[in-house]
Amino acid sequence: MIGAISRLLAGASLLLKQPLHAFCELETAHGNALVTKHSDYVSFIRLDGMRRLATRADVQRIATAQRIDLSGALERRGHALVAWYISDPDQSAVEIDRLNLAACRSVARELGLDVRDILDERARLWPELMRWEAAYYILWTRRAVLTKEERKQMVEEQAEMAKAGPPAGDSQRYYLRSEVMAARHSAFVTRVLASLQKNDVAARELTAYEALKAAREAVYRETAGSDWKASLPGDRVTSRMPEDEATQGKDLASHMLWPGLGDQIFHADAETLGGQRVRIGENEYAHIDMSLGPEDPRPFVELAAPLGKDRIPWRGAVVLEGGGSIASQFKEIAATFLNMFPGNGDIQRAFEALRQARQSDGHIGVRMRASFATWAPVESGRKLRRRAATLAQRIEGWGNCKTTTVAGDPLEGTMSSVPGLALTSTGVPCMALLGDALAMLPWNRTASPWERGSVLFRRPDGSIWPYDPSGGSKRPQVLDIFVAPPRSGKSVLANVINLGLCLSPAALGSQGARLPLIGKIDIGRTAEGFVRLLQEALGPQRRHEAIFVAMQFASGYEVNIFDTQVGCSYPLPLEKAFLQNFLALATTPPDTATPYEGMGQLIPAVIEEAYRLCTNVPGGSPKPYRAGVEPEVDRALQRHRITLDAEDPWWRDVVDRLIEVEEWRLAEVAQRHAVPVLQDLIAAVRTEQVRDAFADLKIATTHEEASTLFERYIYDLIKRYPSLNAPTRLDFGPARVIVLDLAAVAPAGSAAANRQTELMYMLGRHILARNFFLHTDYLEFVPEIVRPHHAKRFLEAQEAVKRLDYDEVHRTKGSPQVREQFERDAREGPKHNLQLGFASQEIGDMPDNIINQSTGRFVLRLGSEREKETVIDLFGLSEASAEVVRFALNGPGPDGAPFLAVFQAGGAKYEQMLVNSIGPVELWALSTTPVDTALRNRVTQRLGFSEGLRRLVRVFPRGSAAQEFERRKDERLRRGESDGRAEEGVIDEIAYELIDGKGIGIVLRDVERDPEPASALAAE
């Protein structure tokens, strides 16, 4: 009978053709709140979601806490809470552009960085994997909350305001606002916000403009991402000229007010198509109402996640209103039911639980209605029906709900899932426990602390998760640790973050657009692709701004750790601290970690004396200048007609003269010959000042004088590393991004090898980051003559975002000096705007202090069960995050590499499971797999980076040639080739085919230009 009536009403509604304006009760705005035609107040709270992953038990616990906070407000009529959610994969491209790509393209243009291939690929790939979603609480405060006296006061207030102003006509009736209602509504909004934030749910109140934009985009999905903005009281408004001359002079004043909100929101009317479909704008909509609430109330995420994987657009609105006296009647009826079924234990227990929840546990009943909708482009009826069926099926599987697609008016049914326009719903009202209802609302998604970011990750269900690698105000200290065994996506993730840093606001400083300062100590060539990508993007004229160097002990790689800032005779405080650390490590036996007693006092004295001896002081021996050592310096002296005063001038004189003519780079080159080198420490330790001060210092274990032992170690250091005992030749010039591969100079195994590795980490850190720590506070240590020059440099370095990454940190285990340097950098980092990154295979490889200070923790995979439990305890993970660590981190797959991210951002802790999804171009560019990097290097060296990547992507669109490599290698091994020879042969073979367009590269034959012959590669 009821169904027949509903169908009759639905048929009648088709003849009514109500305009969309009829479904909008909004009249004007008051502060952040909207005001309806009946003086009700409406506010939007955006629900960013939970900061930490949650189990169902966690959701229930938080829902219970919210119930306690909100029961007082929702127990009686007057307040209402509408939970609204939307998921729209079809509009993900618009949101991805807004959240990420538009800003990245803008920064790239400012930098002169051509990364169009990467960004265009992201624009193609990400919309297929990601979906846009949003959730809001729409809070209503109705006049029923006021007492009789307060309602009278409100009416008088409105009448007085209306009388004082011109007639509103069809414009906004601004005088419907009320301070009494505003105060009541503000208290409700504050109460809800406090409840959310107290329970670790990120949320914020929207402005009236943002709220109206959200409502309009819900009505017309094709307008998503537009710059539309409503006109509200207080805005400048263009007067409207009446079209009807008969009305001129009557209500002309109303045409100078703000247009009605309905006129602003709606720009195209609706058309009903049959009994269940509605056309609005460029889409057709089908609505679904909940006709019976769930038997087993479940968290909202259990509905949203499966629908996210279905990739259908949908939205839903759940209306909760105070039950008032009806709720009390339900309690009495429930008690009566207990007596109706004395012999049916299961029924009796069910009603007893209901009575207990409502009476003994303080639960209240609320009136709940739920409406949903999905849509498809116009004239896609089959697609719309399929989507509606999927949505209905998922809703009914959400705790065993019941749904219906029949409503009295299909347009009203569709508009029931539009947020904020009216407090109406075609959903069947049901009485629900407030705690159960709150658990079903969309606050239990996971949140990102960033609204936008130059890096986009996704959650496993496909929703977009922006990440800002620049840190910004959310993360003033950026200290990241990456934990995963090889082939887990760790290095690719680090490269993606560094590329994102280059495309972030970190590149836009007060000195103009410049690449951030990035230094990385690499073991192997994991970041070579990142550097080559930047070099190609910068072009031939600027490729020197990004450098990859494989460190060696050979000519051309000389580095003098005693270099100072140009014009300075002595090192800055942090530079001196590094020298003390380095020499303390160099003079410690390889099989021990603690320096000899007294070395901590001897070394600073020797360093000070070595620098003093290189100056023009009594007893000093400044370095003599020799023409021909630095031809560029010689030519500069001639060009500027500089005559050196003395017959035997010093390099220090050359430095001073070049500074006078502002040849700063060449002055720095000359100064490299004016400062001490390692062998000068021998003379310094033998001076009377040092000998006398430390004459009584004996080394107990070797029975040597401390100065003698120091000399012995320095001699050994010079013998083993002659490139450290010469003026610097390894010059990176104006490079902004430097990757230093220490694989050839950082061995492992013996105590001596480990000590060498530790020294190389210290040296690499000095090479990369020596100028990262410049700060205007250090200008007092700079001579007056060069202070103006360095003031500009120090300020630029101080303001620039800098990042220093350390790979394979486990190699520094057992070296307190190296780890002390790490800790000092971590402590000084925020002051110097320095980011730090540490990567290793196990969490136990990380220094404890670094773990404790870290604000970003990326766990991609863990080896043993024991290590998993260690990470869970060490990071204090929630039970849901612990389950991710135990079971969900299984390494890279076709759709990306999953990882658990733990952040300290915005004063809160975030735990999220995310996926790093990048396309084949980016995969090939940033790949760290030995086979793929070897193949990439062979192909790109011959064809150029862009063309080489294009061919690799065309032939291997999954971003790897590993499967083809393994197949061919197995064939060669079966023919009897050795493993090493087979491996090299397969890589060369595939490279030849890609370059010649033969074999597997035959698909490249449609390229416009002829491929270059492989014989050229073979000749190389």
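This structure is a prediction, so every number in the text was calculated from the model and none was measured.

Engineer: Where do I start with the pattern of salt bridges in this structure?
Structural biologist: Opposite charge on two side chains permits pairing when their charged atoms draw close. By the definition in use, this model includes 79 salt bridges. Residue Asp-58 is joined to Arg-61 by a salt bridge in which the shortest nitrogen-to-oxygen separation is 3.7 Å. Of this pair, Asp-58 and Arg-61 both sit in helix α2 (residues 56-74), separated by 3 residues, roughly a single helical turn. When its relative accessible area of 17% is taken as the criterion, Asp-58 is described as buried. Here Arg-459 ties to Glu-133 by a salt bridge, and the two come within 2.1 Å at their closest N and O atoms. Of this pair, Arg-459 sits in the loop between β14 (455-458) and β15 (464-467) while Glu-133 sits in strand β5 (residues 132-141); the two residues are 326 residues apart in sequence, bridging distant segments of the chain. As far as the burial class goes, Arg-459 and Glu-133 line up, both buried. The network of salt bridges with common partners includes Glu-964, Arg-967, Arg-968, Glu-971, Arg-972, Glu-977, Glu-989 and Glu-993.

Engineer: Sorry if this is basic, but what is going on with the packing of aromatic side chains here?
Structural biologist: How two aromatic rings sit relative to each other is given by the distance of their centres and the angle of their planes. Counted by the stated rule, this structure contains 32 aromatic pairs. Considering the side-chain rings of Trp-84 and Tyr-136, the 5.8 Å spacing of their centres and the 25° angle between planes classify their relative orientation as stacked. With Trp-84 in strand β4 (residues 79-88) and Tyr-136 in strand β5, this pair connects stretches of sequence that are 52 residues apart. Note on accessibility: Trp-84 and Tyr-136 belong to one class, buried. Seen from their ring centres, Trp-450 and Tyr-467 are 5.1 Å apart, and the 90° between their planes marks the pair as edge-to-face. Of this pair, Trp-450 sits in the loop between α14 (434-439) and β14 while Tyr-467 is found in strand β15, placing the two residues 17 residues apart along the sequence. On the basis of relative accessible area, Trp-450 is assigned to the buried category, the value being 6%. Overall, Tyr-467 belongs to the buried group, its relative accessible area being 0%. Taken together, the aromatic side chains of Trp-450, Phe-457, Trp-465, Tyr-467, Phe-482, Phe-858, Phe-899 and Phe-903 make up a single cluster linked through ring pairs.

Engineer: Is there a simple way to explain the nonpolar core in this structure?
Structural biologist: Nonpolar side chains in soluble globular proteins tend to end up buried together. One finds Leu-113, Met-415, Leu-421 and Leu-935 to be the most contacted residues of the largest nonpolar core, which totals 126 residues. Apart from residues no more than four positions distant in its own chain, Leu-113 is found in contact with Ala-108, Leu-503, Leu-515, Leu-534, Ala-537 and Leu-538.

Engineer: Quick question: what am I supposed to make of a positive patch on the surface here?
Structural biologist: On the surface, Arg-143, Lys-148, Arg-151 and Lys-152 cluster together into a patch of positive charge. By the secondary structure assignment, Lys-152 is in helix α5 (residues 148-164).

Engineer: Where do I start with the pairing of strand β23 (residues 737-741) in this structure?
Structural biologist: Strand residues, when the strand is regular, have side chains that alternate between the two faces of the sheet. Among the 5 residues of β23, 5 are classified as buried, and the element is accordingly described as predominantly covered. The two faces of β23 match: Val-737, Val-739 and Asp-741 on one face and Ile-738 and Leu-740 on the other face are all buried. Strand direction decides the pairing type here: strand β19 (residues 517-522) and β23, joined by 5 bridges, are parallel. Pairing of Gly-519 across the sheet is with Ile-738, part of β23. Examined bridge by bridge, strand β20 (residues 546-550) and β23 share 5 bridges and lie parallel to one another. Bridge pairing in β23 links Phe-548 to Val-739.

Engineer: What is the right way to read the environment of Gln-817 from this model?
Structural biologist: Tracing the backbone through its elements, the reader meets Gln-817 in helix α27 (residues 816-828). A C-alpha to C-alpha distance of 71 Å links Gln-817 and Glu-379, two positions 438 residues apart in sequence.

Engineer: Could you clarify how one ought to interpret the packing of helix α16 (residues 528-538) against helix α32 (residues 930-943) in this entry?
Structural biologist: What describes two packed helices is the angle between their axes and the distance between those same axes. It is the contact of α16 with α32, at a shortest axis distance of 12 Å, that shows an interaxial angle of 20°. Looking at the two axes, α16 sits roughly parallel to α32. Regarding α16 and α32, the two cross each other, and that crossing is left-handed. Together, Glu-528, Gly-529 and Arg-532 of α16 and Arg-936, Asn-937, Thr-940 and Gln-941 of α32 make up the contact between the two elements. Among the residues making up the contact of α16 with α32, the classes are represented as no nonpolar, 4 polar and 3 charged.

Engineer: Explain helix α18 (residues 599-613) to me, please; I cannot follow it from the model alone.
Structural biologist: Since the α-helix advances by 3.6 residues per turn, residues separated by three or four positions end up pointing in the same direction. Helix length check: α18 (15 residues) gives 21 Å between terminal C-alpha atoms against 21 Å at 1.5 Å per residue, within 8%. Buried residues along α18 sit against α17 (573-586), α22 (680-685), α23 (688-693) and α24 (706-720).

Reading the values: rules and limits
Residues numbered from 1 in each chain as written. Predicted model: local features only at pLDDT ≥ 70, side-chain atom pairs only at ≥ 80, totals over all residues. Heavy atoms only, no water. Salt bridge = Lys/Arg side-chain N within 4 Å of Asp/Glu carboxyl O. Helix = DSSP H or I, 4+ residues; strand = E, 2+ residues; numbered from the N terminus. Buried < 20%, exposed > 50% of the residue type's maximum accessible area, 1.4 Å probe, protein only. Phe/Tyr/Trp six-rings, centres within 6.5 Å; stacked < 30°, edge-to-face > 60°. Core = buried A, V, L, I, M, F, W, Y, C linked by side-chain atoms within 4.5 Å. Contact = heavy atoms within 4.5 Å. Patch = residues over 30% accessible without salt bridge, like charges linked within 9 Å, V, L, I, M, F, W, Y side chains within 5 Å. Areas by Shrake-Rupley, 256 points an atom, 1.4 Å probe, with all protein chains shown as cover. Lys, Arg positive; Asp, Glu negative; His and termini not counted. Charge placed at Lys NZ, Arg CZ, Asp CG, Glu CD. Pairing = 2+ DSSP bridges. Axes fitted to C-alpha atoms, helices over the stretch in contact; angles between N-to-C directions. Parallel < 35°, antiparallel > 145°, perpendicular 65-115°, else oblique. Left-handed = near helix turned anticlockwise from the far one by under 90°. Nonpolar A, V, L, I, M, F, W, Y, C, P; charged D, E, K, R; others polar. Expected span 1.5 Å × (residues − 1).

None of this, on its own, says anything about what the molecule does.
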